[in-house]
There are 2 protein chains.
Amino acid sequence: MTKRAIHKKYANTAKESGFLPHIAYDSVIFGFDGETLKILILEYHNTKLFALPGGFVKEHESLNDAVRRGLHDRTGLENIYLEQFHTFGSLERFVPATIEQIMLNNGHLNSGEEHWLLERFISVGYYALINFNEVNPQPDTLSDRCEWYPVNELPPLMLDHDEMVQKALQTLRDNINKKLVGANLLPEKFTMKQYQQVYEAILGEKIRRTTFQRQILGLDILKRHEKQFLGKAHKAPFLYSFIK
Amino acid sequence: MTKRAIHKKYANTAKESGFLPHIAYDSVIFGFDGETLKILILEYHNTKLFALPGGFVKEHESLNDAVRRGLHDRTGLENIYLEQFHTFGSLERFVPATIEQIMLNNGHLNSGEEHWLLERFISVGYYALINFNEVNPQPDTLSDRCEWYPVNELPPLMLDHDEMVQKALQTLRDNINKKLVGANLLPEKFTMKQYQQVYEAILGEKIRRTTFQRQILGLDILKRHEKQFLGKAHKAPFLYSFIK
């Protein structure tokens, strides 16, 4: 018996794997590249199946720690702004054939074999807002790509992952002023135009520049920095940062 | 073997019981009695343990259906305004000794026996807003009381149920204008004073009557009804209802 076969045998049930059965999480990881709001999407080997990065909860690990661990494994980042937004528990999201296809294609399963990952899962959805430039996305053992896609150019996602993205976006919209969503997506210093682009991407609509500036400056959350007069810099836009 | 013993044996594992292991829900059921915002609380037999009403998800049942079923069993109500607010997955909430105490006191467990209810659970929190007068709370087989308590006079609750109540209240506060929370707690016709009491109970603070009225009337969501001039009725306050 090869080492891999032993490993497979060992992890055939949730108990053997050390994970809780039936409970998963999926994460909608938002990043802003300076122009466009993007989401991190996995592509599984040889399946044309696209999915949100997700994972499982260890028996002796809190749900939040499990999500932080998964996000760290996939992005290398720690201390990420992470928020739970909804738990998905429909019967329609239970499609064992899709999971079986992924696992067969990766040699993680023999045809007809029982496996704890083929059972029904209820998934807790989290969203994360991360600094695009500090991230080096890592595909996991089941996937061959982990890439950024603009929110309005996503490929069709498997299971109920499209619904998860829509619900995460709705939550961002509901919280756009309350929780300083922009502060976690923008670099430390940014232009008013960049801030407006983050807003527009989340709201899914254009805003008049004057309206946006009046509203944001009225919130009294921004500090404007002095321009540095080097060459053409006096024509450069003002830079802002958030008042801590 | 008595029928009861057979039943106990049969339900010793989640699989035998027909429920998913490790996944529970708990519900914060709000009602307004015309003066005070209240929550439905269970008291377990002979334990002095108080808890939110909760339950489990059947293998072939969606999470939402499970919560609706539990709420119907406990209140007799259908078509309830129900909203998921947070999923609780800390390690601290796993206190098997507390669950064992409840089950031993009710004869649902023999001392030292293993049982699926003694394993770790992650619980999905829902809140419900119900019409106080249409409800006849029913204790379940484990509890001897199911009663309304004012939100600011709750007994200490078991596990993380106090945290659940606070998080549900916070969610109500965040949504107080957006989702017409009052519409689900008030009778069809109500006075401005009753509406203000609902607001104050949710916000946990007093509001000036004039401020409240100006804000609410500004939202353009209320219809004012004609007074009926019978006896002293012209001294009675105006009644309002929500514009559908």
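Predicted model, so just to flag it, every value in this text is computed and none were measured.

The rules behind the values
Residues numbered from 1 in each chain as written. Chains lettered and ligands numbered in written order. Predicted model: local features only at pLDDT ≥ 70, side-chain atom pairs only at ≥ 80, totals over all residues. Heavy atoms only, no water. Pairing = 2+ DSSP bridges. Helix = DSSP H or I, 4+ residues; strand = E, 2+ residues; numbered from the N terminus. Phe/Tyr/Trp six-rings, centres within 6.5 Å; stacked < 30°, edge-to-face > 60°. Buried < 20%, exposed > 50% of the residue type's maximum accessible area, 1.4 Å probe, protein only. Lys NZ or Arg CZ within 6 Å of the ring centre and 35° of its normal. Contact = heavy atoms within 4.5 Å. Buried area = accessible area lost by both parts, 1.4 Å probe. Salt bridge = Lys/Arg side-chain N within 4 Å of Asp/Glu carboxyl O. Polar contact = N/O pair within 3.5 Å; in protein donor to acceptor, adjacent residues only side chain to side chain. Nonpolar A, V, L, I, M, F, W, Y, C, P; charged D, E, K, R; others polar. UniProt positions renumbered as here; feature names shortened; annotations may be inferred. Domains from an automatic or database assignment. 1 Å grid on protein atoms, 1.4 Å probe; cavity = no way out; pocket = protein on both sides within 12 Å on 5 of 7 lines; lining within 4 Å. Points joined across faces, edges and corners; volume = space filled by probe spheres on them. Least-squares fit on C-alpha atoms with pLDDT ≥ 70 in both. Axes fitted to C-alpha atoms, helices over the stretch in contact; angles between N-to-C directions. Parallel < 35°, antiparallel > 145°, perpendicular 65-115°, else oblique.

Undergrad: I'm lost on the sheet that holds strand S10 (residues 239-242) of chain B in this one. Help?
TA: Strand pairing in a sheet relies on backbone hydrogen bonds. The paired strands run either parallel or antiparallel. An order of S8-S10-S9 (chain B) is seen for the three strands of this open sheet, with the pairing classed as antiparallel. In this open sheet, the two strands that pair with only one neighbour each are strand S8 (190-191) and strand S9 (222-224) of chain B.

Undergrad: Is there a simple way to explain the packing of aromatic side chains in this structure?
TA: How two aromatic rings sit relative to each other is given by the distance of their centres and the angle of their planes. Applying the stated criterion to the full structure yields 32 aromatic pairs over all chains. Between B:Phe19 and B:Trp116, the ring centres sit 5.8 Å apart and the planes meet at 15 degrees, which makes this aromatic pair stacked. Here B:Phe19, found in strand S1 (residues 19-32), pairs with B:Trp116, found in the loop between helix H4 (96-105) and strand S6 (122-130); they are 97 residues apart in sequence, far enough to count as distant. Considering the side-chain rings of B:Tyr195 and B:Phe242, the 5.5 Å spacing of their centres and the 85 degrees angle between planes classify their relative orientation as edge-to-face. One end of the pair, B:Tyr195, is in helix H7 (residues 192-203); the other, B:Phe242, is in strand S10, with 47 residues separating them in the sequence. Take B:Tyr195 and B:Phe242: they sit in the same class, and that class is buried. When the ring centre of A:Phe238 is taken as reference, the NZ or CZ atom of A:Arg224 above it lies at 3.7 Å.

Undergrad: Teacher, can you tell me more about the interface of chain B and chain A here?
TA: By a widely used convention, the size of an interface equals the accessible area lost when the partners come together. Counting residues at the interface gives 22 residues for chain B, matched by 22 residues for chain A. Interface area for chain B against chain A, summed over the two sides, is near 1,700 Å², with a carbon-plus-sulfur share of 63%. Across the contact surface, chain B and chain A share zero salt bridges. Between chain B and chain A we count 13 residue pairs in polar contact (both at pLDDT 80 or more) in total. Those elements giving two or more residues to the side of chain B that touches chain A turn out to be S1, strand S4 (54-58), strand S5 (81-88) and S6 of chain B. Counting residues per element, the side of chain B that touches chain A draws most heavily on S1(B), at four residues. Residue composition of the side of chain B that touches chain A, by class: eight nonpolar, eight polar and six charged.

Undergrad: Could you clarify how one ought to interpret the UniProt feature "domain: Nudix hydrolase" (unreviewed entry) in chain A in this entry?
TA: Sites flagged by UniProt as "domain: Nudix hydrolase" (unreviewed entry) map to residues 22-165 of chain A. Between the first and last C-alpha atoms of residues 22-165 of chain A the distance is 21 Å; the span itself is 19% helix and 35% strand.

Undergrad: Teacher, can you tell me more about the domain arrangement of chain A here?
TA: Residue and element names in this part refer to chain A. When the domains of chain A are assigned, the result is domain 1 (3-174) and domain 2 (186-242). Placing a centre on the C-alpha atoms of domain 1 and another on those of domain 2 gives a separation of 34 Å. A combined buried area of about 700 Å² lies between domain 1 and domain 2, and 67% of that area is made up of carbon and sulfur atoms. If you sort the residues of domain 1 by the area they bury against domain 2, Phe32, Leu37 and Arg173 come out on top, with a joint share of 58%. Our count for the contact surface shared by domain 1 and domain 2 stands at zero salt bridges. Our enumeration of links across domain 1 and domain 2 arrives at one residue pair in polar contact (both at pLDDT 80 or more). With three residues, the top contributor of residues to the side of domain 1 that touches domain 2 is helix H5 (residues 161-174). For the side of domain 1 that touches domain 2, the per-class residue count stands at five nonpolar, two polar and two charged.

Undergrad: Looking at this model, I keep getting lost on the environment of A:Asp162. Mind explaining?
TA: Residue and element names in this part refer to chain A. Note on placement: Asp162 falls in helix H5. Given the relative accessible area of 34%, Asp162 is considered partly exposed. In the structure, Asp162 is positioned 110 residues away from Leu52 in sequence and 9.0 Å away in space, judged by C-alpha atoms. Setting aside its immediate chain neighbours within four residues, Asp162 contacts Pro155, Pro156 and Leu157.

Undergrad: I'm lost on empty space enclosed by the protein in this one. Help?
TA: Evaluated as defined, the whole model comprises one cavity of 30 Å³ or more. Of the voids in this model, the largest cavity is the one considered here, and its volume is about 30 Å³. Breaking the lining of the largest cavity down by element, the ones donating at least two residues are strand S6 (122-130) of chain A together with S6 of chain B.

Undergrad: I keep staring at the pairing of S6(B) and nothing clicks. Help me out?
TA: When a strand is regular, its side chains alternate between the sheet's two faces. Residue and element names in this part refer to chain B. Most of S6 sits inside the fold, with nine of its nine residues counted as buried. A two-sided burial pattern is seen for S6, the buried positions comprising Ile122, Val124, Tyr126, Ala128 and Ile130 on one face and Ser123, Gly125, Tyr127 and Leu129 on the other. Bridging between S1 and S6 involves nine bridges; their strand directions are parallel. Paired with Asp26 across the two strands is Gly125, which belongs to S6. Relative to S6, S5 runs antiparallel, the two sharing seven bridges. Across the sheet, Phe88 pairs through a bridge with Ser123, a residue of S6.

Undergrad: So what exactly am I meant to see when it comes to the relation of the copies chain B and chain A here?
TA: Each copy of the chain is related to the other by a rotation around an axis and a translation along that axis. In the superposition of chain B on chain A (RMSD 0.0 Å, axial shift 0.0 Å), the rotation amounts to 180 degrees. Overall, the copies show the geometry of a two-fold rotation axis. Comparing interface residues between copies, 100% of those in chain B also lie at the interface in chain A; the contact surface is shared.

Undergrad: It is not clear to me how unusual backbone geometry should be interpreted in this structure. Could you clarify?
TA: Glycine aside, a negative phi is what most residues show, and trans is what most peptide bonds show. Of note in the backbone geometry, A:His22 takes a positive phi value of approximately 75 degrees without being a glycine. Along the chain, A:His22 falls in strand S1 (residues 19-32). Non-glycine residue B:Leu159 carries a positive phi angle of around 45 degrees. Inspection of the secondary structure puts B:Leu159 in the loop between strand S7 (143-150) and helix H5 (161-174). The exposure class assigned to B:Leu159 is partly exposed, which follows from its relative accessible area of 30%.

Undergrad: Please explain the packing of H7(B) against helix H8 (residues 209-218) of chain B as it appears in this structure.
TA: Each packed pair of helices is defined by two parameters, the angle between the axes and the distance between the axes. Residue and element names in this part refer to chain B. Their axes nearest at 11 Å, the elements H7 and H8 cross at an angle of 95 degrees. As the angle between them shows, H7 and H8 are arranged roughly perpendicular. Each of Met192, Tyr195, Gln196 and Tyr199 in H7 lies in contact with H8, whose residues at this interface are Arg209, Phe212, Gln213, Ile216 and Leu217. Looking at the contact of H7 with H8 residue by residue, the classes come out as six nonpolar, two polar and one charged.

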